Amino acid sequence: MDAGAGTGAVTDAGARAVAVVVPEAATGLVTQASPEPAREPEPALDPEPAPGPDPAPKHTTPKHTTPEPTPHPDRAHVTALSGGTGGAHALAPLVDTVMDALARGARRRGGPIAPGRPGEVAATVSEVFGGPAAVTGAEALDRLTELLAHGSADPANASCAAHLHCPPLAVAVAADLAVSALNPSQDSWDQAPAATALETLLLQELAGLVGYEPEQAAGVLTSGGTESNLMGLMLARDRILGAASGRQIELTGVPGVPGAGTDHAPRPRILASAAAHFSVQRAAALLGLGEDAVLPVPVDHHLRMDTEALADVLDGCAGRGELPVAVVATAGTTDTGAIDPLRACAALAAEHGAWLHVDAAYGGGALLSDRLAPLLDGLGLADSVSLDWHKLGWQPAAAGVFLVRRSETYASLARRAVYLNPADDEEAGYPSLLGLSLRTTRRADAFKIAVTLRTLGREGLGRLVDACRDLAVAGARAVADHPRLELHSEPVLTAFLFRYLPERPSDTADAPADTAEAQREYDARCDAVNAALRRRLLREGSAVVGRTELPGEGPGRVRLKLTLLNPHTTAAEVERLLHAVVAAGRAQEEAR
């Protein structure tokens, strides 16, 4: 399926229409308490904006601000517990305090991030938390919450678009509050009876969404993609190395490798694209394989794994007597949202007897969209999959999911703790999730996802995914149309890379000859200006824009990044953000 098929720019009316299809109370994003007044749509991004007011005015905040008076909870409420029949009454006034403080902090911030440098932020926090006049007692919740709100980047702001950092749905935050108040732990049934059953049902539903047979699959809620990737590669290590060595790897450890042991076993290898998440290398280190066990596979211009190169690397492993333990395919790279050819990766992994793990922490959100789901064709062939609903699922972190296609491949994680899951309890029908997770104490993070799915349904969430995808398409088009901005590639999901182009020496009368060295100098200047303009926007509190580097060596690889995860943002607001980038780039050039 063509990633751009059936897409178009989001109009102001189109973006707001999301709330018409899905109940407004459910889709309301956690944002500032005092929204800005409605603004007239701005014209398309002009190549040379006419002189006038700064399109992204700086947000200034006095260094010392006297907070608005607000009633503080009395000491009885401060020491009360949140559980039991009286817990809700004890919690209510504290929640009111938090809501008031969040609103004040957001008003003081006034934009996507508070202006200032890191040292200034640290000094402000130190003054309130640890200085001679540090806040104490019943006032602490109010003052520190205001401090947190003022000093946080706000992903609900249209100019906060750097990372896979979503504005959570209000309904998900409310569900998360219920979990915090009740504090169930998923390591034994008697700590979380309902949550244990609910997580099991939710994972079966998500397994079906991925393309697995729900009754044959297994999984668990995780802290995110890093933990999920570690689990996938751990199971791959235990199963593939175990079969090759005849050992139970989780008990005996990794067999020796040439130059590093006595067994002279074939060296285990993990294959991942050059654009794969860094957690793949981290997992290899933690699993005793070493980061050098990860072989990078070249990518194309769009940062998708080159499957011909993957075949060559796999053949090279066989020629050197190495053992390919796992192929890690990425469905949604953090920089471009690129999706590796999943079916081809699955076929090559199977041909060489390797485990296929798909890191779909970002791209898994496409499963919610009828339009984008075909991009993940072949996902159900993976041995394991990681998903993150705190990205394109609008959940408060953490909301990671790890799934395996066949539950028997989970065997090496099974654990028995007599004080948590004694055998006679399980025989009597008391289930245990202990052997599904790397963690013992574990929060009931499935609850907020379950509430969100039942509130909005896949269709409602899919409309939010589509709105963000349309925003990215509109933003990329605006970049491509501007002479001072250069688009790297069309968006696959909701992110795209670009850079600001400083004035070239050839634009001036005394320009040097157009040589390779002159181009190299210009590329180095591009890198410096783009990196600096991003920091300028942060200092001013005007915008939070991402920064990354393309694979390769030498200058010219620095790129800016917009990751659009707010479905209520409008195309006009994305254009204003790009105006701010251009203005910051020009200011940075003048300052040099």
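A quick note: this is a predicted structure, and the numbers were derived from the prediction, not measured. Here, residues in each chain are numbered from 1, in the same order as that chain's written sequence. Totals for whole chains, interfaces and linings use every residue, but because this is a predicted model, local features are given only for residues with pLDDT of at least 70 and side-chain atom pairs only at 80 or more, for both listing and counting. Note that water and hydrogens are dropped before the side-chain values are worked out from all heavy atoms of the structure.

K.L.:
Please explain the environment of T452 as it appears in this structure.
P.N.:
Counting from the N terminus, the helices are DSSP H or I runs at least four residues long and the strands are E runs at least two residues long. Relative to the helices and strands, T452 resides in helix α16 (residues 446–480). Three exposure classes are used, based on accessible area relative to the maximum for each residue type with a 1.4 Å probe and protein chains only: buried under 20%, partly exposed in between, and exposed over 50%. With a relative accessible area of 1%, T452 lands in the buried category. When the C-alpha positions of T452 and Q395 are compared, they lie 8.4 Å apart, and in sequence the two are 57 residues distant. Aside from chain neighbours lying at most four places away, what touches T452 is L169, V171, A172, Q395, G457 and L461. Contact between two residues is taken to exist if any of their heavy atoms lie within 4.5 Å; hydrogens are not considered.

K.L.:
How do you make sense of the packing of helix α17 (residues 516–540) against helix α18 (residues 571–591) when you look at a structure like this?
P.N.:
The relative placement of two packed helices comes down to the angle between their axes together with the axis-to-axis distance. Running from amino to carboxyl end, α17 crosses α18 at an angle of 115°, the nearest separation of the two axes being 9 Å. The pairing of α17 with α18 is recorded here as roughly perpendicular in orientation. When you trace α17 past α18, the crossing you get is right-handed. Of the residues in α18, those in contact with R525, V529, A532, L533, R536 and L537 of α17 are A580, V581, A584, G585, A587, Q588, E589 and A591. Think of each axis as a best-fit line through the C-alpha atoms, taken over the contacting stretch in the case of a helix, with angles from 0 to 180 degrees between the N-to-C directions. Any angle from 65 to 115 degrees is called roughly perpendicular, while one under 35 is roughly parallel, one over 145 is roughly antiparallel, and all others are oblique. Should the near helix be turned anticlockwise from the far one by less than a right angle, the crossing is termed left-handed; should it be turned clockwise, right-handed.

K.L.:
Would you explain the pattern of salt bridges in this entry?
P.N.:
Should their charged atoms come close, side chains of opposite charge can pair. Salt-bridge detection follows one rule: a side-chain nitrogen of Lys or Arg within 4 Å of a carboxyl oxygen of Asp or Glu. Across all of its chains, the model carries 32 salt bridges by this definition. Across the pair D370 and R458 runs a salt bridge whose closest N-O atoms are separated by 2.8 Å. Here the residue D370 occupies a position in the loop between β6 (355–360) and β7 (384–388), and R458 occupies one in helix α16, the gap between them amounting to 88 residues. The exposure class of R458 is partly exposed, given its relative accessible area of 32%. Between R463 and E459 there is a salt bridge; the shortest N-O distance is 3.2 Å. Of this pair, R463 and E459 both sit in helix α16, four residues apart, which is roughly one turn of that helix. Overall, the relative accessible area of 35% leaves R463 in the partly exposed class. The exposure class of E459 is exposed, given its relative accessible area of 55%. Put simply, R104, R108, D142 and E146 are held in one network by salt bridges that share partners.

K.L.:
Sorry if this is basic, but what is going on with the environment of L436 here?
P.N.:
Tracing the backbone through its elements, the reader meets L436 in the loop between α15 (423–427) and α16. Here L436 is in contact with G219, V220, M231, Y410 and L413, once residues within four sequence places are set aside.

K.L.:
I keep staring at a negative patch on the surface and nothing clicks. Help me out?
P.N.:
A contiguous patch of negative charge on the surface is contributed by D306, E308, D312, D315 and E351. Counting residues per element, the negative patch draws most heavily on helix α13 (residues 307–319), which supplies three residues. Here E351 falls in the exposed class, since its relative accessible area comes to 60%. Residues enter patches when their relative accessible area tops 30% and they take part in no salt bridge; the joining distance is 9 Å for like charges and 5 Å for the nonpolar side chains Val, Leu, Ile, Met, Phe, Trp and Tyr. Where accessible areas are quoted, they stem from the Shrake-Rupley method and a 1.4 Å probe; at the residue level, only the protein chains shown are allowed to cover. Within this scheme the basic residues Lys and Arg register as positive and the acidic residues Asp and Glu register as negative, but His and the chain ends are omitted. A charged residue contributes its charge at one atom only: NZ of Lys, CZ of Arg, CG of Asp or CD of Glu.

K.L.:
Just to check I follow, could you spell out the packing of aromatic side chains for this structure?
P.N.:
For any pair of aromatic rings, the description rests on two quantities: the centre-to-centre distance and the angle between the ring planes. Here is the rule: rings of Phe, Tyr and Trp (six-membered ring for Trp) pair when centre to centre is within 6.5 Å. Planes less than 30 degrees apart are stacked, more than 60 are edge-to-face, and the remainder are tilted. The full count for this structure, using the stated rule, is three aromatic pairs. Arranged with centres 6.0 Å apart and planes meeting at 85°, the rings of F402 and Y410 form a pair that is edge-to-face. Its relative accessible area of 0% is what places F402 among the buried residues. Judged by its relative accessible area of 4%, Y410 is buried.

K.L.:
Would you explain the pairing of strand β4 (residues 294–297) in this entry?
P.N.:
Moving residue by residue along a regular strand, the side chains alternate between the two faces of the sheet. Pairing of strand β3 (residues 268–273) with β4, which is carried by four bridges, proceeds in the parallel orientation. Opposite A272, over in β4, you have P296 as the bridge partner. We call a crossover right-handed when, viewed with the strands running away from us, the connection from the first strand over the helix to the second turns clockwise. This β-α-β element, β3 to helix α12 (residues 279–286) to β4, shows right-handed connectivity. At least two DSSP bridges between two strands are needed for those strands to be called paired.

K.L.:
How should I be thinking about unusual backbone geometry in this particular structure?
P.N.:
The phi torsion of most residues other than glycine is negative, and most of the peptide bonds are trans. With omega at 5°, the peptide bond leading from A397 into A398 counts as cis. On the secondary structure map, A398 appears in the loop between β7 and β8 (400–404). A positive phi angle is found at L303, which is not glycine, with a value near 70°. Following the sequence through the fold, L303 ends up in the loop between β4 and α13. Positive phi values are uncommon outside glycine, yet W394 reaches one of about 60°. Mapped onto the elements of the fold, W394 is located in the loop between β7 and β8.

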